[in-house]
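Structure at a glance
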Amino acid sequence: MTPTDTFQTHRPRLFALAYRLLGSRSDAEDIVQDAWLRWQGADTGGIRDPEGWLVTATTRLGLDRLRALRSARVEYVGPWLPEPLEIALDPDPLQDPAQRHALADEVSVAFLALLEQLKPDERAAFLLKDVFDYDYPDIAPLLEHSPANCRQLVHRARQRLQTGAPRFTVSPAQQRDLLARFMAASQQGDLEAIRALLDANAEMISDGGGRVTAAIRPLLGAERIAQLYWAIARRNGQHPAQLGQVNGEPAILRFAGDQLHSVTMITVDAGRIVRVLSVLNPEKLTALVTARDAGASSR
(Lines give C-alpha, C1' and ligand atoms only; values in the text may rest on other atoms or scores of the structure.)
Protein backbone atom coordinates (compact mmCIF):
# COMPACT_ATOMS: atom_id res chain seq x y z
CA MET A 1 0.00 0.00 0.00
CA THR A 2 1.39 3.40 -0.99
CA PRO A 3 1.52 6.33 1.48
CA THR A 4 -1.34 7.95 -0.47
CA ASP A 5 -3.46 4.78 -0.20
CA THR A 6 -2.72 4.58 3.52
CA PHE A 7 -3.85 8.14 4.08
CA GLN A 8 -7.03 7.68 2.02
CA THR A 9 -7.88 4.56 4.02
CA HIS A 10 -7.80 6.54 7.28
CA ARG A 11 -9.19 9.80 5.89
CA PRO A 12 -12.85 9.17 6.92
CA ARG A 13 -11.81 8.52 10.52
CA LEU A 14 -9.60 11.61 10.56
CA PHE A 15 -12.41 13.78 9.21
CA ALA A 16 -14.89 12.34 11.71
CA LEU A 17 -12.54 13.23 14.56
CA ALA A 18 -11.79 16.72 13.25
CA TYR A 19 -15.48 17.52 12.68
CA ARG A 20 -16.45 16.47 16.19
CA LEU A 21 -13.57 18.48 17.61
CA LEU A 22 -14.40 21.66 15.72
CA GLY A 23 -18.11 21.53 14.92
CA SER A 24 -17.35 22.87 11.45
CA ARG A 25 -17.16 20.94 8.20
CA SER A 26 -14.94 23.53 6.50
CA ASP A 27 -12.49 23.67 9.41
CA ALA A 28 -12.43 19.87 9.63
CA GLU A 29 -11.59 19.66 5.92
CA ASP A 30 -8.73 22.14 6.48
CA ILE A 31 -7.36 20.08 9.35
CA VAL A 32 -7.43 16.86 7.34
CA GLN A 33 -5.65 18.64 4.50
CA ASP A 34 -2.98 19.88 6.94
CA ALA A 35 -2.58 16.32 8.25
CA TRP A 36 -2.12 15.15 4.64
CA LEU A 37 0.63 17.72 4.08
CA ARG A 38 2.42 16.57 7.22
CA TRP A 39 2.04 12.96 6.13
CA GLN A 40 3.56 13.79 2.75
CA GLY A 41 6.56 15.38 4.44
CA ALA A 42 7.13 12.51 6.88
CA ASP A 43 9.37 9.48 6.50
CA THR A 44 6.35 7.19 6.21
CA GLY A 45 8.49 4.12 5.66
CA GLY A 46 9.69 4.32 9.26
CA ILE A 47 6.23 4.77 10.80
CA ARG A 48 5.06 1.50 12.37
CA ASP A 49 1.55 2.66 13.25
CA PRO A 50 0.26 4.92 10.44
CA GLU A 51 -3.22 5.24 11.98
CA GLY A 52 -1.80 6.27 15.33
CA TRP A 53 0.51 8.79 13.66
CA LEU A 54 -2.32 10.30 11.62
CA VAL A 55 -4.78 10.43 14.53
CA THR A 56 -2.12 12.12 16.67
CA ALA A 57 -1.40 14.71 13.96
CA THR A 58 -5.09 15.37 13.40
CA THR A 59 -5.82 15.68 17.12
CA ARG A 60 -3.00 18.15 17.73
CA LEU A 61 -3.81 20.20 14.63
CA GLY A 62 -7.48 20.17 15.65
CA LEU A 63 -6.69 21.32 19.18
CA ASP A 64 -4.60 24.21 17.89
CA ARG A 65 -7.44 25.25 15.56
CA LEU A 66 -10.05 24.80 18.32
CA ARG A 67 -8.15 27.11 20.68
CA ALA A 68 -7.92 29.75 17.96
CA LEU A 69 -11.59 29.36 17.06
CA ARG A 70 -12.71 29.74 20.66
CA SER A 71 -11.03 33.13 20.76
CA ALA A 72 -12.53 34.12 17.39
CA ARG A 73 -16.02 33.03 18.43
CA VAL A 74 -15.99 35.60 21.22
CA GLU A 75 -16.40 38.18 18.43
CA TYR A 76 -19.11 36.18 16.64
CA VAL A 77 -22.38 38.09 16.25
CA GLY A 78 -25.00 36.33 18.38
CA PRO A 79 -24.94 32.68 19.50
CA TRP A 80 -22.68 30.25 17.63
CA LEU A 81 -24.02 26.86 16.57
CA PRO A 82 -22.15 24.05 14.81
CA GLU A 83 -22.10 23.90 11.02
CA PRO A 84 -24.28 21.05 9.74
CA LEU A 85 -22.36 18.25 8.09
CA GLU A 86 -25.19 16.69 6.08
CA ILE A 87 -28.56 18.17 5.10
CA ALA A 88 -31.08 16.01 3.28
CA LEU A 89 -34.76 16.08 2.44
CA ASP A 90 -35.29 12.42 3.30
CA PRO A 91 -33.24 9.77 5.09
CA ASP A 92 -31.14 7.46 2.96
CA PRO A 93 -33.41 4.43 2.34
CA LEU A 94 -30.34 2.18 2.14
CA GLN A 95 -29.10 3.18 5.60
CA ASP A 96 -30.12 1.11 8.61
CA PRO A 97 -32.40 3.29 10.83
CA ALA A 98 -30.50 2.11 13.92
CA GLN A 99 -27.20 3.20 12.36
CA ARG A 100 -28.71 6.55 11.37
CA HIS A 101 -29.97 7.11 14.92
CA ALA A 102 -26.57 6.19 16.38
CA LEU A 103 -24.87 8.61 13.99
CA ALA A 104 -27.31 11.37 14.96
CA ASP A 105 -26.44 10.81 18.62
CA GLU A 106 -22.76 11.43 17.82
CA VAL A 107 -23.02 14.39 15.43
CA SER A 108 -26.38 15.99 16.12
CA VAL A 109 -26.19 19.76 16.26
CA ALA A 110 -27.47 19.59 19.85
CA PHE A 111 -24.67 17.21 20.88
CA LEU A 112 -22.00 19.28 19.13
CA ALA A 113 -23.38 22.40 20.80
CA LEU A 114 -23.03 20.69 24.18
CA LEU A 115 -19.41 19.88 23.37
CA GLU A 116 -18.78 23.64 23.16
CA GLN A 117 -19.02 23.72 26.97
CA LEU A 118 -15.83 21.69 27.26
CA LYS A 119 -12.28 22.94 27.34
CA PRO A 120 -10.24 21.84 24.31
CA ASP A 121 -8.33 19.06 26.09
CA GLU A 122 -11.53 17.81 27.74
CA ARG A 123 -13.29 17.71 24.41
CA ALA A 124 -10.49 15.81 22.71
CA ALA A 125 -10.12 13.31 25.56
CA PHE A 126 -13.86 12.70 25.74
CA LEU A 127 -14.19 12.15 21.99
CA LEU A 128 -11.20 9.83 21.80
CA LYS A 129 -12.47 7.74 24.74
CA ASP A 130 -16.25 7.69 24.39
CA VAL A 131 -16.71 8.10 20.64
CA PHE A 132 -13.58 6.59 19.10
CA ASP A 133 -13.00 4.00 21.85
CA TYR A 134 -9.34 4.72 22.61
CA ASP A 135 -7.89 3.58 25.94
CA TYR A 136 -6.29 6.06 28.32
CA PRO A 137 -2.72 4.83 27.65
CA ASP A 138 -3.37 5.51 23.95
CA ILE A 139 -4.93 8.94 24.57
CA ALA A 140 -2.13 10.12 26.86
CA PRO A 141 0.62 10.58 24.22
CA LEU A 142 -1.86 12.21 21.81
CA LEU A 143 -2.71 14.92 24.34
CA GLU A 144 0.69 14.92 26.07
CA HIS A 145 -0.92 14.13 29.44
CA SER A 146 -0.56 11.18 31.76
CA PRO A 147 -3.22 8.43 31.58
CA ALA A 148 -4.46 9.52 35.01
CA ASN A 149 -4.89 13.10 33.83
CA CYS A 150 -6.73 11.90 30.73
CA ARG A 151 -9.08 9.91 32.94
CA GLN A 152 -9.84 13.08 34.90
CA LEU A 153 -10.39 15.06 31.70
CA VAL A 154 -12.94 12.51 30.50
CA HIS A 155 -14.63 12.38 33.91
CA ARG A 156 -15.05 16.17 33.99
CA ALA A 157 -16.30 16.19 30.40
CA ARG A 158 -18.95 13.56 31.15
CA GLN A 159 -20.13 15.51 34.18
CA ARG A 160 -20.47 18.74 32.20
CA LEU A 161 -22.29 17.07 29.34
CA GLN A 162 -24.66 15.27 31.67
CA THR A 163 -25.95 18.55 33.08
CA GLY A 164 -27.08 19.69 29.64
CA ALA A 165 -28.38 16.37 28.32
CA PRO A 166 -32.07 15.34 28.44
CA ARG A 167 -33.04 13.22 31.43
CA PHE A 168 -35.15 10.85 29.36
CA THR A 169 -34.46 9.32 25.97
CA VAL A 170 -36.95 9.70 23.14
CA SER A 171 -37.44 7.45 20.13
CA PRO A 172 -36.75 8.77 16.63
CA ALA A 173 -40.47 8.40 15.85
CA GLN A 174 -41.48 10.50 18.87
CA GLN A 175 -38.84 13.10 17.99
CA ARG A 176 -40.10 13.37 14.43
CA ASP A 177 -43.75 13.54 15.53
CA LEU A 178 -43.09 16.40 17.95
CA LEU A 179 -41.03 18.21 15.35
CA ALA A 180 -43.79 17.86 12.74
CA ARG A 181 -46.35 19.25 15.18
CA PHE A 182 -44.01 22.08 16.11
CA MET A 183 -43.42 22.89 12.44
CA ALA A 184 -47.16 23.04 11.72
CA ALA A 185 -47.90 25.16 14.78
CA SER A 186 -45.03 27.59 14.16
CA GLN A 187 -45.89 27.97 10.46
CA GLN A 188 -49.47 28.85 11.42
CA GLY A 189 -48.47 31.01 14.37
CA ASP A 190 -50.73 28.92 16.62
CA LEU A 191 -49.83 30.39 20.00
CA GLU A 192 -51.61 27.79 22.13
CA ALA A 193 -50.30 24.82 20.15
CA ILE A 194 -46.70 26.06 20.34
CA ARG A 195 -46.97 26.66 24.08
CA ALA A 196 -48.37 23.16 24.59
CA LEU A 197 -45.39 21.59 22.82
CA LEU A 198 -42.72 23.54 24.70
CA ASP A 199 -41.41 23.01 28.20
CA ALA A 200 -42.11 26.06 30.36
CA ASN A 201 -38.35 26.74 30.59
CA ALA A 202 -37.56 25.98 26.95
CA GLU A 203 -34.66 27.75 25.26
CA MET A 204 -34.38 28.89 21.66
CA ILE A 205 -31.00 29.62 20.06
CA SER A 206 -30.68 31.14 16.60
CA ASP A 207 -27.37 31.43 14.74
CA GLY A 208 -27.44 34.12 12.07
CA GLY A 209 -23.80 35.13 12.42
CA GLY A 210 -24.69 38.74 11.67
CA ARG A 211 -25.47 37.70 8.08
CA VAL A 212 -29.25 37.47 8.39
CA THR A 213 -31.86 38.56 10.92
CA ALA A 214 -31.74 36.37 14.03
CA ALA A 215 -31.98 36.81 17.78
CA ILE A 216 -28.59 37.83 19.14
CA ARG A 217 -29.34 36.25 22.52
CA PRO A 218 -30.99 32.96 23.49
CA LEU A 219 -34.75 33.28 23.96
CA LEU A 220 -35.92 31.75 27.25
CA GLY A 221 -39.37 30.47 28.15
CA ALA A 222 -42.25 28.87 26.25
CA GLU A 223 -44.27 32.09 26.27
CA ARG A 224 -41.54 34.20 24.65
CA ILE A 225 -40.76 31.57 22.02
CA ALA A 226 -44.45 31.12 21.15
CA GLN A 227 -44.94 34.88 20.93
CA LEU A 228 -42.03 35.14 18.49
CA TYR A 229 -43.46 32.54 16.10
CA TRP A 230 -46.91 34.08 16.44
CA ALA A 231 -45.52 37.50 15.51
CA ILE A 232 -43.60 36.13 12.52
CA ALA A 233 -46.65 34.30 11.18
CA ARG A 234 -48.89 37.33 11.78
CA ARG A 235 -46.75 39.49 9.50
CA ASN A 236 -46.54 36.64 6.97
CA GLY A 237 -42.82 36.25 7.61
CA GLN A 238 -42.61 32.46 7.74
CA HIS A 239 -40.71 30.69 4.98
CA PRO A 240 -42.05 27.52 3.30
CA ALA A 241 -40.98 24.52 5.37
CA GLN A 242 -40.79 20.76 5.29
CA LEU A 243 -39.25 18.00 7.35
CA GLY A 244 -35.78 16.78 6.46
CA GLN A 245 -32.61 15.48 8.05
CA VAL A 246 -29.61 17.34 9.47
CA ASN A 247 -26.68 15.18 10.56
CA GLY A 248 -29.00 12.19 10.67
CA GLU A 249 -31.64 13.72 12.96
CA PRO A 250 -35.08 15.08 12.01
CA ALA A 251 -35.06 18.79 11.22
CA ILE A 252 -37.24 21.53 9.77
CA LEU A 253 -35.90 22.87 6.50
CA ARG A 254 -37.15 26.34 5.54
CA PHE A 255 -36.66 27.90 2.12
CA ALA A 256 -36.38 31.46 0.80
CA GLY A 257 -37.30 31.23 -2.83
CA ASP A 258 -35.31 28.34 -4.23
CA GLN A 259 -32.58 28.33 -1.58
CA LEU A 260 -32.32 26.83 1.88
CA HIS A 261 -32.95 29.59 4.44
CA SER A 262 -32.56 27.78 7.76
CA VAL A 263 -32.58 24.44 9.54
CA THR A 264 -34.20 23.89 12.91
CA MET A 265 -33.66 21.02 15.32
CA ILE A 266 -35.23 20.29 18.71
CA THR A 267 -34.22 18.58 21.94
CA VAL A 268 -37.00 16.69 23.70
CA ASP A 269 -37.24 15.76 27.37
CA ALA A 270 -40.23 14.20 29.16
CA GLY A 271 -42.43 14.65 26.11
CA ARG A 272 -41.81 18.40 25.73
CA ILE A 273 -39.44 20.45 23.61
CA VAL A 274 -36.74 21.87 25.87
CA ARG A 275 -34.49 23.42 23.24
CA VAL A 276 -34.94 24.81 19.74
CA LEU A 277 -31.77 25.27 17.67
CA SER A 278 -31.91 27.15 14.38
CA VAL A 279 -28.98 27.65 12.01
CA LEU A 280 -29.62 30.59 9.66
CA ASN A 281 -26.09 31.72 8.83
CA PRO A 282 -25.91 31.16 5.04
CA GLU A 283 -22.20 30.33 5.28
CA LYS A 284 -23.18 27.21 7.25
CA LEU A 285 -25.91 26.12 4.85
CA THR A 286 -23.86 25.28 1.80
CA ALA A 287 -25.43 21.86 1.21
CA LEU A 288 -27.06 21.58 -2.20
CA VAL A 289 -30.65 21.41 -0.99
CA THR A 290 -33.11 23.65 -2.81
CA ALA A 291 -36.85 24.13 -2.96
CA ARG A 292 -36.70 22.45 -6.38
CA ASP A 293 -35.22 19.36 -4.70
CA ALA A 294 -38.02 19.49 -2.16
CA GLY A 295 -40.65 19.56 -4.89
CA ALA A 296 -39.01 16.65 -6.68
CA SER A 297 -38.81 14.58 -3.49
CA SER A 298 -42.53 14.90 -2.84
CA ARG A 299 -43.56 13.57 -6.26
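Up top is the structure these notes are about.
Read on for an overview of the structure. In this text, all values refer to a predicted model and were calculated from it rather than measured experimentally.

Here we have seven strands laid out as an open sheet, ordered β1-β4-β5-β6-β7-β2-β3, and mixed in their pairing. At either end of the open sheet lies a strand with only one pairing partner, and these are β1 (87–88) and β3 (219–220). Taken together, the two bridges between β1 and strand β4 (residues 241–246) define a ladder with antiparallel strand orientation. Counterpart to I87 in the pairing with β4 is V246. Contacts between helix α9 (residues 172–188) and the sheet are confined to β2 (198–207), β4, β5 (249–256), β6 (259–269) and β7 (272–279), with β5 contributing the most and set at about 25° to the helix. Relative to β2, helix α11 (residues 222–234) is tilted by about 55°, and along the sheet it contacts β2, β3, β5 and β7.

β6 sits mainly inside the fold: nine of its 11 residues count as buried. Inspection of the sheet shows β5 paired to β6 by five bridges, in the antiparallel sense. Of the residues in β6, the one forming a bridge with F255 is L260. Turn length for the β5-β6 hairpin, with the two strands adjacent in sequence and antiparallel, is two residues, and the turn residue G257 shows positive phi of about 65°. Note that β6 and β7 share seven bridges and pair antiparallel. Following the sheet pairing, M265 is matched in β7 by L277. A loop of two residues connects β6 with β7, the two strands running antiparallel in sequence, and A270 in this loop sits at a positive phi of about 55°.

What follows deals with the packing of helix α6 (residues 120–131) against helix α7 (residues 136–143). Axis separation between α6 and α7 bottoms out at 10 Å; the angle between their running directions is 145°. Both α6 and α7 take part in a crossing whose hand is right-handed. Contacts between α6 and α7 involve D121, A124, A125, L128 and K129 on the former and, on the latter, Y136, I139, L142 and L143. Looking at the contact of α6 with α7 residue by residue, the class counts come to seven nonpolar, no polar and two charged.

Conventions adopted
- Residues numbered from 1 in each chain as written.
- Predicted model: local features only at pLDDT ≥ 70, side-chain atom pairs only at ≥ 80, totals over all residues.
- Heavy atoms only, no water.
- Pairing = 2+ DSSP bridges.
- Helix = DSSP H or I, 4+ residues; strand = E, 2+ residues; numbered from the N terminus.
- Contact = heavy atoms within 4.5 Å.
- Axes fitted to C-alpha atoms, helices over the stretch in contact; angles between N-to-C directions.
- Buried < 20%, exposed > 50% of the residue type's maximum accessible area, 1.4 Å probe, protein only.
- Left-handed = near helix turned anticlockwise from the far one by under 90°.
- Nonpolar A, V, L, I, M, F, W, Y, C, P; charged D, E, K, R; others polar.

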